[in-house]
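Secondary and tertiary structure notes
Chain by chain, the residues:
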Amino acid sequence: MDQADPRRRIPRTNDLLALPAVGQARTRLNESVIRDLVRQVQEQARRGELPPGQVEPTLIAALEARHATTLQPVLNATGVIVHTNLGRAPLSAGAVDALVAASGYVDVELNLADGSRSRRGAGARSALLAACPAAEDALVVNNGAAALVLATTAFAAGREVVVSRGELVEIGAGFRLTDLMESTGARLREVGTTNRTHLQDYARVLGPDTGCILKVHPSNFRVDGFTSAVSLRELSPLARANAVPLVADLGSGLLAPDPHLPDEPDVASALAAGADVVIASGDKLMGGPQAGLLLGRKEIIERLARHPLARAVRADKLALAALEATVAGAEPPVVQSLHADVGQLRRRTDRLAGALGVPVVPHDGRVGGGGAPGFPLPGWALRLPEGLAVLLRTGDPAVLPRVHDGSCLVDLRCIPAADDDRVLEAIRRALANLDLADAGRAG
Ligand SMILES: *Cc1c(COP(=O)(O)O)cnc(C)c1O
């Protein structure tokens, strides 16, 4: 490298590390992340991709853009409310406050009055019992799958779980309830056929080897036509007579019936129908953090709480805090999106369409991975060129539209009205970039 080589003018590592901007970044990022960024920017300059004079400002911009987490907030314009790839339920403002409050030391397992150890998550438990008086007791674990593993292990390890063939569901990404339950050492005793199961089918197999009877709500599909299933109400006397627990895995997590979703089961009704324990998720229709809820008869819940596996699947303080705030707080975003007024959705969509000069088309939202398969939520979408989708996804803020039938559709159902203008600006920028790209191709 001779004296005139511009690479000699690349700022040295120590000089860059001494910049005030680096000092500020140290409050958010650790030394090795910062040094990596410094090295990357210097490398760019060494390869001649960056003039030496640009090293400093480029590093400062890179430090500002780098957050301690690489998870990016996304504006969900798909119309799918419980979107698994977007982390399911967005939390309510109250739940976010609760998360922040619980982020330091908290009395999650301590009685401050007398200094003794207390029951973990007592607040979340009380909130659940207040919201669902039909339950005598409640236990919160990591997620619905963990709740199912705990119940299956505690009731039926080395024995049989009796379940209808029509309810052996796969809940997404190749994840099957059958595999999950068999991993606990329980044997599945399938009864009935895919489309029809009768009470007699259950009665015939119950015996000394039965650990529990399981009813699963097939939350992501529906069988129509010549079908029959046995209700919890019919199964309950059979379970009682054989002294085996009746477990209902509802999946979605409504604590009480929702008139908007007439076919969606809820915890209170399942308990009233005779289930001994009901399993539900915290981050589907309940609209809270990831959590598995077990609600039901006192002695059954206590048995589950005492099982050694309960310790391995216990909920963390952040989930407990957010769950309590969701159950006791104002309507979470999931419920607001579900109940969104269609006239108001139309007005919001029309305003953006007018500002952008693009058409509005009818578009059904969906509940999503959370339940109510096939239940349409009529609404509207902006119809945009398909090529816009990638620009929206990779923009700032990131917007996830639905790509369908050669169009890019933007549905405002799952977007807070306060964010409409951010969506508008994101689309404007993406349209401008699309024009540039098109002009580039044409030229
Ligand atoms: C979603 C679901 C589960 C799993 O719950 P997670 O909270 O996702 O672990 C179990 N059973 C049913 C019926 C479900 O729909």
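Worth saying up front: this structure is predicted, and the values here are computed from it rather than measured. (Residues numbered from 1 in each chain as written. Predicted model: local features only at pLDDT ≥ 70, side-chain atom pairs only at ≥ 80, totals over all residues. Heavy atoms only, no water.)

1. As for the packing of helix H6 (residues 122-131) against helix H14 (residues 317-328)
To characterise two packed helices, one gives the angle between the axes of the helices and the distance between these axes. H14 packs onto H6 with a crossing angle of 25° between their chain directions and a minimal axis gap of 8 Å. With respect to H14, the element H6 is oriented roughly parallel. Considering the relative orientation of H6 and H14, their crossing is left-handed. Note on element contacts: H14 touches H6 through Leu-320, Leu-323, Glu-324, Val-327 and Ala-328, opposite Gly-123, Ala-124, Ala-127, Leu-128 and Ala-131. Tallied by class, residues from the contact of H6 with H14 come to 8 nonpolar, 1 polar and 1 charged. (Axes fitted to C-alpha atoms, helices over the stretch in contact; angles between N-to-C directions. Helix = DSSP H or I, 4+ residues; strand = E, 2+ residues; numbered from the N terminus. Parallel < 35°, antiparallel > 145°, perpendicular 65-115°, else oblique. Left-handed = near helix turned anticlockwise from the far one by under 90°. Contact = heavy atoms within 4.5 Å. Nonpolar A, V, L, I, M, F, W, Y, C, P; charged D, E, K, R; others polar.)

2. Observations concerning the domain arrangement of the protein chain
By domain assignment, the protein chain separates into domain 1 (6-58), domain 2 (74-83 + 336-442) and domain 3 (92-329). Between the C-alpha centres of domain 1 and domain 3 the distance comes to 52 Å. (Domains from an automatic or database assignment.)

3. Thoughts on the sheet that holds strand S13 (residues 402-404)
Read from one edge to the other, the open sheet built from 5 strands follows the order S2-S10-S11-S14-S13, with strand pairing classed as mixed. On the outer flanks of this sheet lie strand S2 (80-82) and S13, each paired with one strand and no other. In this sheet, neighbouring strand axes are inclined to one another by 40° on average, regardless of whether the strands run parallel or antiparallel. With 3 bridges connecting them, S13 and strand S14 (residues 407-410) associate as antiparallel partners. Residue pairing in the sheet places Val-403 in a bridge with Cys-408 of S14. Contacts from helix H16 (residues 342-356) reach strand S10 (360-368) and strand S11 (377-385), with the element oriented near 10° to S11. Here helix H18 (residues 420-442) sits on the sheet and contacts S11 and S14; the angle it forms with S11, its principal contact strand, is near 30°. (Pairing = 2+ DSSP bridges.)

4. Thoughts on the nonpolar core
Formed by 39 residues in total, the largest nonpolar core has its most connected members in Leu-128, Ile-213 and Val-267. Here Ile-213 is in contact with Val-162, Tyr-202, Leu-206, Leu-235, Ala-239, Val-244, Pro-245, Leu-246 and Val-247, once residues within four sequence places are set aside. Ala-154, Ala-156, Leu-177 and Val-247 belong to the second largest nonpolar core, which has 31 residues in total. (Core = buried A, V, L, I, M, F, W, Y, C linked by side-chain atoms within 4.5 Å. Buried < 20%, exposed > 50% of the residue type's maximum accessible area, 1.4 Å probe, protein only.)

5. Comments concerning the environment of Ala-154
Tracing the sequence through the fold places Ala-154 in helix H7 (residues 144-156). For the pair Ala-154 and Ile-60, spaced 94 residues apart in sequence, the C-alpha to C-alpha distance is 55 Å. Apart from residues lying up to four places away in sequence, Ala-154 is in contact with Arg-303, Leu-304 and His-307.

6. Focus on the pairing of S10
Two strands pair when backbone bridges link them, and S2 and S10 are joined in this way by 2 bridges, in the parallel orientation. Note on S10: the bridge partner recorded for Val-82 is Gly-368. Bridge analysis of S10 against S11 gives 6 bridges, and the strand direction is antiparallel. Each residue of the ladder has a partner; that of Pro-362, found in S11, is Trp-380.

7. A word on the pattern of salt bridges
One pass over the full model with this rule turns up 25 salt bridges. One salt bridge in this structure joins Glu-190 and Arg-165, with 3.0 Å as the shortest N-O distance. Residue Glu-190 is found in strand S5 (residues 187-191), and its partner Arg-165 is found in the loop between strand S4 (160-164) and helix H8 (177-182); the two are separated by 25 residues along the sequence. Glu-190 gets classed as partly exposed once you look at its relative accessible area, which sits at 34%. When salt bridges with common partners are traced through the structure, they connect Glu-109, Arg-117, Arg-120 and Arg-314 into a single cluster. (Salt bridge = Lys/Arg side-chain N within 4 Å of Asp/Glu carboxyl O.)

8. As for the packing of aromatic side chains
Given two aromatic rings, one states the distance between the centres and the angle between the planes to describe the pair. Taken as a whole and judged by the stated rule, the model has 0 aromatic pairs. A cation over an aromatic ring shows up here: Arg-346 above the ring of Trp-380, its NZ or CZ 4.3 Å from the ring centre. (Phe/Tyr/Trp six-rings, centres within 6.5 Å; stacked < 30°, edge-to-face > 60°. Lys NZ or Arg CZ within 6 Å of the ring centre and 35° of its normal.)

9. Side note on the pairing of strand S3 (residues 137-141)
In terms of burial, S3 is a largely internal element, 5 of the 5 residues being buried. Both faces of S3 are covered, namely the face carrying Asp-137, Leu-139 and Val-141 and the face carrying Ala-138 and Val-140. With 5 bridges joining them, S3 and strand S9 (residues 292-296) adopt antiparallel strand pairing. Bridge pairing in S9 links Asp-137 to Gly-296.

10. Observations concerning helix H3 (residues 31-46)
Taking 1.5 Å as the rise per residue, H3 with 16 residues should run 22 Å; its terminal C-alpha atoms sit 22 Å apart, in good agreement. If you check which residues of H3 are buried, you get Val-33, Ile-34, Leu-37, Val-38, Val-41, Gln-42 and Ala-45. Those residues of H3 hidden inside the fold are in contact with helix H1 (13-17), helix H2 (20-25) and helix H4 (55-65). Two to three positions downstream of the cap, the backbone nitrogen of Ser-32 sits 3.1 Å from a side-chain oxygen, assigning the N-cap of H3 to Asn-30. Looking at the residues trailing H3, positive phi occurs at Gly-48, about 85°. (Expected span 1.5 Å × (residues − 1). Polar contact = N/O pair within 3.5 Å; in protein donor to acceptor, adjacent residues only side chain to side chain.)

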